[in-house]
Structure formats: structure tokens, C-alpha cells
Amino acid sequence: MGYKLIAIDMDGTLLNSKQKVSQKNIQAIQEAKSKGIYVVLCSGRAYDGIIDSAKILGINESDQYMICYGGSVIQNYDQEVIYQRTLKNENCEEIARFLTDKKIHYKFIDNTGTLYQSYQDWIEKHMLNPKLGIVKVLLKTRKHKLPEVLKLVHEQYDSDYFVVQTSEKELEIFPKNVNKGNALERLTKYLKISPKEVMAIGDYDNDMPMFKAAKFSVAVGNAIPKVKQLSDAVVADNDHDGVAEAIEKYVLE
């Protein structure tokens, strides 16, 4: 069965180590799109952090979609939201208290991409604009401390939230059941596409739910070991056009 949708992570996957999209990746994605295949960028980034790459790729039309904030929001390129899930203010307050007590640096991120250094900063902004909502909490620490922080946060929040490591120094807290995989399932249902017609490409922990939601999953060469183990195939790394290789080999042939 041919693929009708390709879900692609951005950082460490589509983007190279210079945060650029290679010409080969652009060409492969444009060829896939010319065949009527949806190319969906799936990222922890906000709309503003995705749109420039989408324009370069030529996928920034109103009938194309992105999954942003790690799965908290699905929208098209006219910023029409088809799904959004945010944290309740009382949950944000409790998380802020816990992280402050444990001396863990954090930021709240709202559905416009604005960052807040404290719960008080957030609540003051929310009082002025109740339509705003917190989509995730970003935690940063030193690389050598991350395992300790990750263990602590998992123990505290796994039962009520989705906690995931997103880099060697960062982890994020989302509302329960919010991740790239569940967002991808929602989008494919919205587009009336079967999971059997979906390929996903990624490199890190937060891409693993997306792999499980797709028929075929591809890890780029720089992906962490457990992502490679979960994937159906491994291609070149993000500095050597891994995304283009995946599309050319498994979609366009």
C-alpha cells in the first residue's frame, strides 16, 4: 500500500546540525507532495518555529498541517486549530511549586509560543487573555544531572501527565496522553487516512509514540539507540540527508 502521509520530526531529523534543511531533503519532500502525499512536520516547536522551514519546503498551504508543541496542537498553515490540549492552571501552579522546591529550572510555554519563568508571570498574562493556555512545561538541567531529574519527575508525574526527554539537557511535561503519536492518530482520522498509509521519521524519545502510530517508522542515523531499535528502518543521519533517503527509498520508489 502506498503512503499518503509522512510525519517528520524537525530537530535532529529534518534539520541538520546547522538547523538548516538540505537541498536533497527539500527536493524529496517536494516530489512526495507533488504525488499528493501529505508531509506533516511534527515538532515540539511553536508555529513560528516551524513556518520558515515549511515555506522552504513548499508545504505551507491551508490544506497542509503541522503538529506542534509536541502534540498539544494540530493546525493548518492558516493557523486554523483542529485540536488543542492545555494544562489546567491549578496543575501549572502545583508543578511550579514542586519544581521550585526541588530547584529545577523550568519554563511554561503557552499556545502562542510565549515563555514564562514563573507561575505568577503566567497567571498575570492569563488574566488579561483567558484564551491563552499552557501547552507544556520545559525543564532544563545540566547533562550530568538529567538522569536524576528525569527519575524524580517521572516518579512524581507519570500517573497524571506525559513526561518525556527531548534532548540531552531537557525534558518536558505535557497533559496526560498528549504526544506526537496521539496527535498523529487524530490528524490521520481527520484526513481519513489509514495508519497503514503513514510513515514517520524521527530521532529521539518524543518521536517514539509517533513511530507506534505509523505503519512504517524510520530512524535517522543519529537517533538514540532505543529509537533505532523501535524503528522499521535506519537511514543516514541528519547531516547526510537521512529524510531524503527515507522518502526516496520507501515512498517514491
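In what follows, the structure referred to is the one given above.
In what follows, the accompanying structure is described. (Residues numbered from 1 in each chain as written. Predicted model: local features only at pLDDT ≥ 70, side-chain atom pairs only at ≥ 80, totals over all residues. Heavy atoms only, no water.)

1. Some details on the overall build of the protein chain
So, step 1. A tally of helices and strands in the protein chain yields 9 helices and 13 strands.
So, step 2. Taking 253 residues into account, the globule formula puts the C-alpha radius of gyration at 18 Å, and the protein chain, at 18 Å, falls close to it.
So, step 3. Expressed as lengths along the three principal axes of its C-alpha atoms, the size of the protein chain is roughly 55 × 40 × 30 Å.
So, step 4. Out of the 253 residues belonging to the protein chain, those deemed buried represent 55%.
So, step 5. Total accessible area on the protein chain stands at roughly 12000 Å², and carbon and sulfur atoms take up 46% of it. (Helix = DSSP H or I, 4+ residues; strand = E, 2+ residues; numbered from the N terminus. Rg over C-alpha atoms; globule rule 2.2 N^0.38 Å. Buried < 20%, exposed > 50% of the residue type's maximum accessible area, 1.4 Å probe, protein only. Areas by Shrake-Rupley, 256 points an atom, 1.4 Å probe, with all protein chains shown as cover.)

2. Considering the pattern of salt bridges
So, step 1. Per the counting criterion, the structure on display carries 11 salt bridges.
So, step 2. In this structure, the salt-bridge partner of Glu 61 is Lys 33, at a minimum N-O distance of 2.7 Å. Residue Glu 61 is located in the loop between α2 (47-57) and β3 (65-68), and its partner Lys 33 is located in helix α1 (residues 23-34); the two are separated by 28 residues in the primary sequence.
So, step 3. Using a relative accessible area of 23% as the deciding quantity, one classes Lys 33 as partly exposed.
So, step 4. Arg 97 is the salt-bridge partner of Glu 93, the closest N and O atoms lying 3.7 Å from each other. With Glu 93 and Arg 97 both in helix α3 (residues 89-101), this residue pair falls 4 residues apart, about one helical turn. (Salt bridge = Lys/Arg side-chain N within 4 Å of Asp/Glu carboxyl O.)

3. Some points on helix α4 (residues 119-128)
So, step 1. Within the sequence span of α4, burial applies to Tyr 119, Trp 122, Ile 123 and His 126. Seen end-on, α4 carries its buried residues on one side only, within an arc spanning 95°.
So, step 2. Residues of α4 that are buried in the fold lie against α3, β6 (105-110), β7 (115-116) and β8 (134-140). (Arc of directions from axis to C-beta. Contact = heavy atoms within 4.5 Å.)

4. Points about the sheet that holds strand β2 (residues 38-42)
So, step 1. Taken in spatial order, the 8 strands make up an open sheet running β5-β4-β3-β2-β1-β11-β12-β13, and their pairing is mixed. Each edge of the open sheet carries a strand with a single partner, namely β5 (81-84) and β13 (233-234).
So, step 2. As judged from the 4 bridges shared by β3 and strand β4 (residues 73-76), these two strands associate in the antiparallel manner. The residue bridging Cys 68 from the neighbouring strand is Val 73, located in β4.
So, step 3. Docked against the sheet, helix α6 (residues 180-190) engages β1 (5-9), β2, β3, β4, β5 and β11 (198-202), running at close to 155° with respect to β3. (Pairing = 2+ DSSP bridges. Axes fitted to C-alpha atoms, helices over the stretch in contact; angles between N-to-C directions.)

5. Focus: the pairing of β6
So, step 1. A large share of β6 lies buried, amounting to 5 of its 6 residues.
So, step 2. Alignment of β6 against β8, held across 6 bridges, turns out to be antiparallel. Note on β8: the bridge partner recorded for Asp 110 is Ile 134.
So, step 3. Bridge count for β6 against β7 is 2 bridges, and the pairing is antiparallel. When the sheet's bridge partners are listed, Ile 109 is paired in β7 with Leu 115.

6. Side note on the layout of surface pockets
The rolling of a water-molecule-sized probe over the atoms marks out the regions of remaining empty space.
So, step 1. The volume enclosed by the largest pocket comes to roughly 490 Å³.
So, step 2. Asp 11, Gly 44, Thr 166, Glu 170 and Glu 172 are, among the 22 residues lining the largest pocket, the residues nearest its centre.
So, step 3. Counting only elements with at least two residues in the lining of the largest pocket, the list comes to β6, β8 and β10 (170-175).
So, step 4. Per-element tally for the lining of the largest pocket: the top contributor is β8, with 3 residues.
So, step 5. Residue composition of the lining of the largest pocket, by class: 6 nonpolar, 6 polar and 10 charged.
So, step 6. For the second largest pocket, the calculated volume is near 190 Å³.
So, step 7. With 3 residues, the single largest contributor to the lining of the second largest pocket is helix α5 (residues 146-157).
So, step 8. Its residues assigned to classes, the lining of the second largest pocket shows 3 nonpolar, 2 polar and 6 charged. (1 Å grid on protein atoms, 1.4 Å probe; cavity = no way out; pocket = protein on both sides within 12 Å on 5 of 7 lines; lining within 4 Å. Points joined across faces, edges and corners; volume = space filled by probe spheres on them. Nonpolar A, V, L, I, M, F, W, Y, C, P; charged D, E, K, R; others polar.)

Purely spatial values, then, with no claim about function.
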